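# Results of the structural survey
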There are 2 protein chains.
Amino acid sequence: MKDHRIFNFNPGPAALPLPVLEEIQDNFLNFAGTGMSITEVSHRSPAFDEVINDAVARIRRLLDLDDRFKVLFMQGGASLQFALIPMNFLAAGDTADYVNTGTWSTKAIKEAQVLGKSVRVAASSEDRDFAYIPKGIEYRPDAAFVHITSNNTIKGTQWAKFPDTGGAPLVADMSSDILSRRFDASGFGLIYAGAQKNIGPAGVCLAIIRDDMLAKVPDDLPSMLKYTTYAAKNSLYNTPPCFAIYTVQLVLKWLEETVGGLDKMEAANREKAETLYGFIDGSGFYRGTADVDSRSMMNVTFRLPSEALEKKFVAEALENDLGGLKGHRSVGGCRASIYNPMPKEGVEALVDFMKEFERKNG
Amino acid sequence: MKDHRIFNFNPGPAALPLPVLEEIQDNFLNFAGTGMSITEVSHRSPAFDEVINDAVARIRRLLDLDDRFKVLFMQGGASLQFALIPMNFLAAGDTADYVNTGTWSTKAIKEAQVLGKSVRVAASSEDRDFAYIPKGIEYRPDAAFVHITSNNTIKGTQWAKFPDTGGAPLVADMSSDILSRRFDASGFGLIYAGAQKNIGPAGVCLAIIRDDMLAKVPDDLPSMLKYTTYAAKNSLYNTPPCFAIYTVQLVLKWLEETVGGLDKMEAANREKAETLYGFIDGSGFYRGTADVDSRSMMNVTFRLPSEALEKKFVAEALENDLGGLKGHRSVGGCRASIYNPMPKEGVEALVDFMKEFERKNG
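Being a predicted model, the structure only gives us computed values, none of them experimental.

If you tally the helices and strands in chain A, you get 10 helices and 14 strands. Counting only residues that meet the buried cut, chain A has 64% of its 362 residues in that class. In the structure as shown, chain A presents an accessible area of about 13100 Å², 49% of it carried by carbon and sulfur atoms. Side chains of chain A give 40 positive and 46 negative charges; the mean places of these two sets differ by 3 Å.

Okay, structure coming up:
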C-alpha cells in the first residue's frame, strides 16, 4: 500500500517517470555524496553546477540548439512569462502579433495589454470555443514577434506544424508539449515552458532564448524581470529552485538514456495518442471535442453522452486507479493528459476501462 | 554510506530537519494515499489544499497574526520582492525610507531606483563594511514604508529589536531569520522571506502582507507582479511550487510539534549562538567580525589569523563532516550559518573542531 501508484492523467502537475521518482527518493538524504539532501546543497557548489549544466546540455542536445540560444531556468511559470515578454521585447512603437487559441493565449494577450503594449490578435479560434488551430494566418511583416501557444492544455488542440511568420521571431508557450516531439527551433526567438507537464515538477520554468531577443532587453527593468540577468549568470543570479531543476535534469536523462531520445519519445507519444483517439473515433459513446486536424497529442479532450455520465466516469476511473480525468473546470467534460512520462500501459488501461464503462452505461 | 550525513553550515540553501527529509523520502512515491508523488499531485486537489492551508494556519499561529494579514507563497525569492515592493507600494510622488545594512539591502534599494522610484536611504552602515546595525535612525513621518533587512546573511548582523517608525509600515526582508524568534508582527506592512534558510528549500518565497498594503496595489500591474493576485486566490492563481510549499509545511509542523513552538525555537537558537560566540570571544585565534550588539543569531561570521589558515580551516572542517563554513565570496573569512534546523550537536561539533584546529595551528 505504501508505494501504491495509480496512472495519473492530470494536466499538470502531472505524472513523472517512476525511475526518476525512485532515484530522487533513493538519494534524498545524501545527494551525490555531499552528505546533504538536494534540498540542502548550495546552488553555488560543484555538485549543483553539475546538475544545472547537465540539464542545459541535454536540452541543447535534444532540441539541436545552435550557439545563438541560451537555456534558462526561471520561476513564476508561464504566467510570469506572459508579462515578461511584452516588458522585454515590446518597445514603444512596436507591435506584436498574437494568435489566440485558448485560455492561455488569451491570458498572454491580456497581460501585454495591461502593460499598455500594442498587441494585434492576428487570428483567433474563439468563434468555435477554441476547438481548432487557425490556418492561413497573415502575420504583419514588421511584427516585433509572433506569439503562439503550441499546445492548448484546456481545449486539447496543438499546432501540428509551426507557422511561417515571414521572418518575425516566433515566441511560443510550449508548457504542455515541450520535448514531446521534434521541431526546428531555429525560427523561435523565445520558447518557454512551465516544467510541470512534460519535463518536471511545478516551480521551474524553462526559457530558451535567441541572442537577437536578448539584445532587445531594455536596461531599465528590475534584474529579476530581465532575461539578460538569467542569461548572464547561467540562471544563478539568485538562488534558483534547485530541487525542481534537479528533477528536470533527471527527467531529461531518462528521456535521452531510457527512452532513447526525442524521436523515440515522439513515436511513443504518437502511438499513445493514436490508441486513444482511435478508440474514441470508433466509439459512438465517447466524442472528441477538438477538430481532427488540430488534435493535441498531449491532452485528449472528450465528452460522454451526459454530464451525469461524465461525473460517474471520472469517479469510477479513479476507483480503478486512473486519476485526473476530469476536464478543466472552465469547459467540463473529460480529459486524459498523456505527457511524456505516461507509459503506453496507462493509455491501454484507460482504453480498457472506457470500453467496460461504455458496455455498462452505453 | 548511502545515507551518510554531515553538519551543514551553508548559508542557504541550508540544512533541513532530518525528520522532515525522512518523511518526504518515505512518502515520495505515494503522497497522502493519492497514489502519486507530491511532485505529481494537482495543485487544485483536496490533498494539496490541505498542505497549503495547513502551512498558512501554522504560520498564522506561530507569528500570532491577526486577521489583517494574509500569508502568501510566491516565487522568485527575495530578489523578485525587491522589485515588487516599489512597483506595488510606491506611487508617483511617494517616497520610501530604506535602511542599508548590507548586500541585500543595497540590492533592494537599487531595484527601486531602476524603476525610477523615489527612495531615501535613512541610514547605512556602509562606513564600517556593514559590521553593525545603525541606531537612532530618524524616519520620515510621511514615508510610504520603511524597508529593513532583519538579518544580514553575508555580514552576520541582525536587528536585535525592530525600529519604531512613527507609524510608517515596516517592510522587512526576513529571508535569513524568519521564524527563528518571537517578534510583534503588528507594525509590519509586509514581511517576506525566501524559504531556503530557516523554513524550507529554495523555490518558494513567503510573503505576509497587511490589508492596508494590499489596498495600495495599483491595477495596472501584470497579474503575477501584484500581491493582490496571490491574496485573492490563496496563492493558487497559477501553479505554485508545490513541492517547496509541502516541504515548508513539514518544517512548520516540525517547528510546532517537535521543537514545541517559536519560544522554544528561539531559546534553542540563542543557546547555539551563545555557545559559538562565547567560544570565539574566549579565543585569541578566532575573531568575530560583527559588532557585539549587532551580532546575528543565524550567521556567525569570523576570521582566522590569515587567509591561508581560513582556507585550511574550511577544508579540514569538511573532512570532519562540517560543511559550508566558507564566508561569502564577496567578504571572505568564515561563516557558520546556524538556522533553525541546525541541531545543538552540530554547533558543539563545530566548537570541538575549532578548538582542535586552534591547538594545531595557533
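Let us look at the relation of the copies chain A and chain B. Note on the copies: chain A fits chain B at an RMSD of 0.0 Å, the axial shift is 0.0 Å, and the rotation between them is 180°. The operation mapping one copy onto its partner corresponds to a two-fold rotation axis. Considering only C-alpha atoms, the part of chain A nearest the rotation axis is Gln25(A), at 2.7 Å. With an isologous cut-off of 70% or more, the 100% of interface residues of chain A that recur at the interface of chain B puts this contact in the isologous class.

A few words on the interface of chain A and chain B. Contact residues are listed per partner, giving 63 residues for chain A and 63 residues for chain B. Measuring nitrogen to oxygen at the nearest pair gives 2.8 Å for the salt bridge that ties Arg5(B) to Glu40(A). For the pair chain A and chain B, the interface holds 21 residue pairs in polar contact (both at pLDDT 80 or more). Broken down by secondary-structure element, the contributors of at least two residues to the side of chain A that touches chain B are helix H1 (18-26), helix H3 (77-89), helix H4 (103-114) and helix H7 (242-259) of chain A. Here the element with the most residues in the side of chain A that touches chain B is H1(A); it accounts for 6 residues.

Residue and element names in this part refer to chain A. Running from N to C, H1 and H7 point in directions that differ by 135°, and their axes come no closer than 9 Å. Taken together, the axis directions place H1 and H7 in an arrangement best described as oblique. As for the relative orientation of H1 and H7, their crossing is right-handed in sense. For the pair H1 and H7, contact is made by Pro19, Val20, Glu23 and Ile24 and by Phe243, Tyr246, Thr247, Leu250, Val251, Lys253 and Trp254, respectively. Considering only residue class, the contact of H1 with H7 consists of 8 nonpolar, 1 polar and 2 charged.

Analysis parameters
Residues numbered from 1 in each chain as written. Chains lettered and ligands numbered in written order. Predicted model: local features only at pLDDT ≥ 70, side-chain atom pairs only at ≥ 80, totals over all residues. Heavy atoms only, no water. Helix = DSSP H or I, 4+ residues; strand = E, 2+ residues; numbered from the N terminus. Buried < 20%, exposed > 50% of the residue type's maximum accessible area, 1.4 Å probe, protein only. Areas by Shrake-Rupley, 256 points an atom, 1.4 Å probe, with all protein chains shown as cover. Lys, Arg positive; Asp, Glu negative; His and termini not counted. Charge placed at Lys NZ, Arg CZ, Asp CG, Glu CD. Least-squares fit on C-alpha atoms with pLDDT ≥ 70 in both. Contact = heavy atoms within 4.5 Å. Salt bridge = Lys/Arg side-chain N within 4 Å of Asp/Glu carboxyl O. Polar contact = N/O pair within 3.5 Å; in protein donor to acceptor, adjacent residues only side chain to side chain. Axes fitted to C-alpha atoms, helices over the stretch in contact; angles between N-to-C directions. Parallel < 35°, antiparallel > 145°, perpendicular 65-115°, else oblique. Left-handed = near helix turned anticlockwise from the far one by under 90°. Nonpolar A, V, L, I, M, F, W, Y, C, P; charged D, E, K, R; others polar.

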